[in-house]
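# Analysis of the macromolecular model
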Amino acid sequence: MFIRLENVYYSYFQHTPFEVQALKNVTLTIDRGESVGIIGRTGCGKSTLIQHFNALLFPTQGFVMIDGDKIQKKGSQLRGIRKKIGLVFQYPEHQIFEETVFDEVAFGPRNNGVGGEELEETVKWALESVGLDYQELHKKNPFELSGGQMRRVAIASILSMRPEALILDEPTAGLDPEGKRLILRKLKDLREENQTTLVFVSHSMDDLAMIAERIIVMDQGTIGLDGSVRHIFSQGKILDQYGIKPPTTARIAELLRKKGFDIEEGILTAQELSEQIEEKILKGGSH
Amino acid sequence: MIEFNGVSFWFSEEETLIEKKDEVLHNVELVIPKGEFVVLLGRNGSGKSTLAKHCNGLLLPKKGTVIVDGKNTNQSEYLWDIRQKVGLVFQNPDNQIIATTVEEDVAFGPENLGVPQDEIRKRIDQALNIVGMNDFRKKEPHLLSGGQKQRVAIAGVLAMQPEYLVLDEATSMLDPEGRSEIMSLISQLRGSITIFHITHYIEEAVDADWVIIMDQGQVVAQGKPVDIFNRRGQIYEWGLELPLVSETAWILQRRFPELFPSLPLKAEELVAALCSFV
């Protein structure tokens, strides 16, 4: 029980005529080391939800526990939570402000009193974790980098706090396919090497099919579905009600099934799909 | 048609290029034929947006020329004409809407062109009908979804009755619903207007008449989608990827060389090939 939300309600503009209930009775547990994708239509409460994970928003009702501690609106505790749980906003490169890559990535740990060699080591680790070369880049102005590199510097500047969980809002939006692949691979490595908990908000089911193990579907401020990625992505008809199209591979598998190919449920990658097809071809076709 | 003749561009004010790395476009030779749906792909920083902004003279070549239906964008007397002819829609829907209601926003372009009032009304009706936003005409734009805002932005361009519609990553900040709204609008507009669509989503290129690929400021390949996506090795070298359908087919093709004469781009094509194979 690393991140725990219990009966959480959240309203924007509470006690005004414009009150909007963005979360309704959300109860949810994310364990250490999980890789979770949060999906749903625009406006379903995804962003509101993840801002509760590091105490950027506080429930109007219910409570949030991080690593066993109930979140109170107290400064001393919040600092610890935000260090433990790093939140990467959408288009995080828009928030880059320092003049060198080093200073940008060093900003967080410096504020926490890290200095000298330890700071350098931390920055180096954070940059290398996202696949950027420290020697080549640390003195550069971040604004001279490509879009994909800037995105990774921005992620590194959160990583440098050595968070135990990384919450990412649309981490691949606007990136070219290569930049996208690289970020997903690096996040995967990070999780394997450091047991970093990963939570993604994403509209790209194809991305999530590659990296998430669990999917939570949000719908009008509540949790619509919650289950393993294979299970959720094989529920084409149900997903449709939530305005979600399954990943491309699952859709191809469904088409093949309709043509009489006996393809298993829960296909995620092109590799898995082609293996299934190969098996059917070798068996001499099923129709 | 829009012709790029040996176009080079760099952002500094200097007349001559100081450092090779500052060159954003390098000797681009390209023709965007009238009436076609052309898709431009390329990694971040390959010069796609810079190229798009040359189509209507928002940027002017440092070397070479851009000719729109015979008119050189370098000649300032043509610029007014060219900008009316070539409409641009950008990435961020929030940065393109200026008025306080949808219909006022659509009216902005034709008003600036000095179109008479009743003609403006007609054009607003027409443009909003095409993009399917007529019910929202009195709405405040900030209350719309991303896809709806982009449709209003496109309506604003259509109201100027352009011959070319340039979409500079107009789908990249949208959710899947918004993206499919724009893609179906493209297929509806197709044929009546030239569409030059710049995108990172490979799937958005499979239906194009023509695909252009840029890398490091140069056009490195162009052709029909099926020909382009059958060059798998190069596709990845250019920082791109195959549509997942083609990628799946490619893996299968290594095992069964006769399975696909050429890699399919759409799920239906893949399925049809498999059905006739087994």
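Only a predicted model underlies this, so the values are computations on that prediction, with no experimental measurement involved.

## Thoughts on helix H9 (residues 244–255) of chain B
For H9 of chain B, which comprises 12 residues, the first-to-last C-alpha distance of 17 Å matches the rise-based estimate of 16 Å (1.5 Å per residue) to within 8%. Looking only at H9 of chain B, the buried set comprises Leu244, Val245, Ser246, Glu247, Thr248, Ala249 and Leu252 of chain B. In this structure, the buried residues of H9 of chain B make contact with helix H8 (205–211), helix H11 (248–258) and helix H12 (270–282) of chain A together with helix H10 (267–277) of chain B.

## Some thoughts on the pairing of strand S8 (residues 194–198) of chain B
Residue and element names in this part refer to chain B. Judged by how many residues are buried, S8 sits mostly within the fold: 5 of 5 residues are covered. The two faces of S8 match: Thr194, Phe196 and Ile198 on one face and Ile195 and His197 on the other face are all buried. Both strand S3 (residues 37–42) and S8 contribute to a ladder of 4 bridges, which runs parallel. By the bridge assignment, Leu40 is partnered in S8 with Ile198. Judged from the 5 bridges that link them, strand S7 (residues 164–168) and S8 form a sheet pairing that is parallel. In the strand pairing of S8, Asp168 is matched with Ile198.

## With respect to the interface of chain B and chain A
Contacts between the two partners involve 29 residues from chain B, matched on the other side by 30 residues from chain A. Top element by residues in the side of chain B that touches chain A is H9 of chain B. It accounts for 7 residues. Of the residues that constitute the side of chain B that touches chain A, the class distribution is 16 nonpolar, 7 polar and 6 charged.

## What about the UniProt feature "domain: ABC transporter" (unreviewed entry) in chain A?
The UniProt record marks residues 3–245 of chain A with the feature "domain: ABC transporter" (unreviewed entry), using the residue numbering of this structure. Helix and strand shares over residues 3–245 of chain A are 40% and 25% respectively, and the end C-alpha atoms of the span are 28 Å apart.

## Looking at the domain arrangement of chain B
Residue and element names in this part refer to chain B. Each domain of chain B was delimited in the assignment, giving domain 1 (2–236) and domain 2 (243–277). Computed from C-alpha coordinates alone, the two centres of domain 1 and domain 2 are separated by 33 Å. Opposite the 8 residues of domain 1 that make contact, domain 2 presents 7 residues. In terms of residue class, the side of domain 1 that touches domain 2 is built from 5 nonpolar, 1 polar and 2 charged.

## Observations regarding the sheet that holds strand S6 (residues 85–88) of chain A
Residue and element names in this part refer to chain A. The 6 strands lie next to each other as S6-S7-S8-S3-S9-S10, forming an open sheet whose pairing is mixed. Each having just a single partner strand, S6 and strand S10 (222–228) make up the two edges of the open sheet. Within the sheet, the average angular offset between the axes of one strand and its neighbour, ignoring direction, is 15 degrees. Relative to strand S9 (residues 214–219), strand S3 (residues 35–39) is paired through 4 bridges, and the arrangement is parallel. Its bridge partner being in S9, Ile39 is matched across the sheet by Val217.

## Digging into the pairing of strand S4 (residues 63–68) of chain B
All names here are of chain B. Where strand S1 (residues 2–10) and S4 come together, 5 bridges link them in antiparallel fashion. By the bridge assignment, Ser8 is partnered in S4 with Lys63. Of the pairings in the sheet, the one linking S4 to strand S5 (residues 71–72) comprises 2 bridges and is antiparallel in character. When the sheet's bridge partners are listed, Val68 is paired in S5 with Lys71. Hairpin connection between S4 and S5: a loop of 2 residues separates the two successive antiparallel strands, and Asp69 in this loop has a positive phi of roughly 45 degrees.

What counts, and at which threshold
Residues numbered from 1 in each chain as written. Chains lettered and ligands numbered in written order. Predicted model: local features only at pLDDT ≥ 70, side-chain atom pairs only at ≥ 80, totals over all residues. Helix = DSSP H or I, 4+ residues; strand = E, 2+ residues; numbered from the N terminus. Expected span 1.5 Å × (residues − 1). Buried ≥ 20, exposed ≤ 12 C-beta atoms within 10 Å, placed from the backbone. Contact = placed C-beta atoms within 7 Å. Pairing = 2+ DSSP bridges. Nonpolar A, V, L, I, M, F, W, Y, C, P; charged D, E, K, R; others polar. UniProt positions renumbered as here; feature names shortened; annotations may be inferred. Domains from an automatic or database assignment. Axes fitted to C-alpha atoms, helices over the stretch in contact; angles between N-to-C directions.

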